[in-house]
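Single-letter residue listing:
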Amino acid sequence: DKAPLSKSLLLVPSAISILLTLLFQHYQKFFAYNLKAIKEDFQVWRLICGRTVCLDLKDTFCSSLLIYNFRIFERRYGSRKFSSFLLGAWVLSALFDLLLVEAAQYLFGITINSLPSGFLGPVFALFVPFYSSIPRVQVAQVLGHFSITNKTLVYILGLQLLTSGSYIWILALSGLVSGIFYNSSILKIHRILCVPSWVAKIFSWTLEPIFSSAEPTNEARVGMGATVDIQRQQRMELLDRQIMMSQVAQMRRQRQQQGGMINWNRLFPPLRHRHNANYQDHRPSEQDTPPPTEVSEEQVARLMEMGFSRGDALEALRASNNDLNVATNFLLQH
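Residues numbered from 1 in each chain as written. Predicted model: local features only at pLDDT ≥ 70, side-chain atom pairs only at ≥ 80, totals over all residues. Heavy atoms only, no water.

As recorded in an unreviewed UniProt entry, the chain goes by Ubiquitin-associated domain-containing protein 2 and comes from Tricholaema leucomelas. Its UniProt record gives the chain a comment under Subcellular location (unreviewed entry), which states: "Membrane". (UniProt positions renumbered as here; feature names shortened; annotations may be inferred.)

What follows is the structure, given as structure tokens:
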């Protein structure tokens, strides 16, 4: 939803890559990223074909998964700004590819005539805003020291893509550098390499109806989060608030029927029973009795705003050791 460009990048290049691999293998030579043909024979069209469609299905699979995870940037920035970033990263990474190949030949004597094909430069460039702007949320911890976050899988996919070919590190390096350059506020490249508004309108009228998706109807409408995990957390919090408000309304009706007092004999029965049993068995003196817990007036006010009386709020906070969440839960359940 709200990511038609990402959906088109998932479907069209992947479909072409599968067709070239399974049915039209004799056409793969037209999509090879042949640097020698570009420099010596001036076949500039190979930049477009060779840097769009992957000829290796493993690269197709990994890059598609990464584009799927990076669709959040199109939702956050909009399709035009997202396409401008991809265009700028594509142009810059093509330039850096040629520079890095020349540098490798000059410094190390390595002659590189071709590079892995595919939309890999912009994909690696998207790791720059992913690292800098997507919050890190811990999901689990392995062996007590290694944290598993919502970003771990994306980095693992990037590492898998990085190790899939011999010279793919050149594409990764040029993509990362182009992403840094495009995001730089000093160079102002985003003002030069951008999609014009009239082009964006044409694609919006022609292609967006084809690749757009309907908004899910089985999910609550909430604010747009930075990641899918945060969006799910927002839905859970919204559901919790709805359940709490429903319980508060039910409690108000019950309290009005019962005269406004809660049956505190049902509240904390193990605690009170244990306290009475200890009192009967040991009969502590007044000096051994701990002083009553001081209650925060701010927390009392928050409970009263939910519809509880001051006496019930004070009793619940004292019994829960001034824990607002525990007091709220007990007041809602009793």
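So much for the structure itself; the text now carries on.
So, on to a nonpolar patch on the surface. On the surface, Ile18, Leu19, Leu22, Leu23, Phe24, Tyr27, Phe30, Trp45 and Leu57 cluster together into a nonpolar patch covering about 850 Å² of accessible area. The biggest single contributor to the nonpolar patch is helix 1 (residues 4-22), with three residues. Note that isoleucine 18 resides in helix 1. (Patch = residues over 30% accessible without salt bridge, like charges linked within 9 Å, V, L, I, M, F, W, Y side chains within 5 Å. Areas by Shrake-Rupley, 256 points an atom, 1.4 Å probe, with all protein chains shown as cover. Salt bridge = Lys/Arg side-chain N within 4 Å of Asp/Glu carboxyl O. Helix = DSSP H or I, 4+ residues; strand = E, 2+ residues; numbered from the N terminus.)

Now for the confidence of the model for the chain. When pLDDT is averaged along the chain, the result is 78, and 74% of the positions lie at 70 or above. Mean pLDDT across the elements of the chain bottoms out in helix 14 (residues 269-282) (45) and peaks in helix 7 (residues 120-125) (94). pLDDT under 50 marks residues 261-290. Its contacts with residues more than four places away, or in other chains, come to 22 contacts. (pLDDT = per-residue confidence, 0-100. Contact = heavy atoms within 4.5 Å.)

Let us now look at helix 16 (residues 310-319). Along helix 16, the residues that are buried comprise Asp312, Ala313, Leu314, Ala316 and Leu317. In the segment just after helix 16, asparagine 321 is the residue with positive phi, at about 60°. (Buried < 20%, exposed > 50% of the residue type's maximum accessible area, 1.4 Å probe, protein only.)

A word on the packing of helix 15 (residues 297-305) against helix 16. In the contact formed by helix 15 and helix 16, the axes pass within 9 Å of each other and the chain directions differ by 125°. What the angle tells us is that helix 15 and helix 16 run oblique. Handedness of the helix 15/helix 16 crossing: right-handed. In this structure, helix 15 contributes Glu297, Gln299, Val300, Leu303 and Met304 to the contact, and helix 16 contributes Arg310, Ala313, Leu314 and Leu317. (Axes fitted to C-alpha atoms, helices over the stretch in contact; angles between N-to-C directions. Parallel < 35°, antiparallel > 145°, perpendicular 65-115°, else oblique. Left-handed = near helix turned anticlockwise from the far one by under 90°.)

As a further point, take the environment of leucine 157. Mapped onto the secondary structure, leucine 157 falls in helix 9 (residues 152-162). Along the primary structure leucine 157 and serine 63 are separated by 94 residues, whereas in three dimensions their C-alpha atoms are 8.2 Å apart. Here leucine 157 is in contact with Leu65, Leu66 and Asn69, once residues within four sequence places are set aside.

This next bit is on the environment of alanine 316. By the element assignment, alanine 316 lies in helix 16. Along the primary structure alanine 316 and valine 295 are separated by 21 residues, whereas in three dimensions their C-alpha atoms are 9.8 Å apart.

Applying the stated rule across the entire model yields four salt bridges. Between lysine 39 and glutamate 102 there is a salt bridge, and its shortest N-O distance comes to 3.0 Å. With lysine 39 in helix 2 (residues 35-40) and glutamate 102 in helix 6 (residues 79-108), this pair connects stretches of sequence that are 63 residues apart. The class of lysine 39 is partly exposed, set by a relative accessible area of 34%. For glutamate 102, a relative accessible area of 38% translates into the label partly exposed. Where glutamate 297 meets arginine 310, a salt bridge forms, and the shortest distance between an N and an O atom there is 3.0 Å. Placement of glutamate 297 in helix 15 and of arginine 310 in helix 16 is noted, with a sequence separation of 13 residues between them. Exposure remark for glutamate 297: the relative accessible area of 46% places this residue in the partly exposed category.

Once that is clear, we can look at the packing of helix 1 against helix 6. Running from N to C, helix 1 and helix 6 point in directions that differ by 45°, and their axes come no closer than 9 Å. Between helix 1 and helix 6, the crossing angle belongs to the class labelled oblique. Each of Pro4, Leu5, Ser6 and Leu9 in helix 1 lies in contact with helix 6, whose residues at this interface are Ser79, Phe82, Ser83 and Leu86. Across the contact of helix 1 with helix 6, the residue classes tally to five nonpolar, three polar and no charged. (Nonpolar A, V, L, I, M, F, W, Y, C, P; charged D, E, K, R; others polar.)

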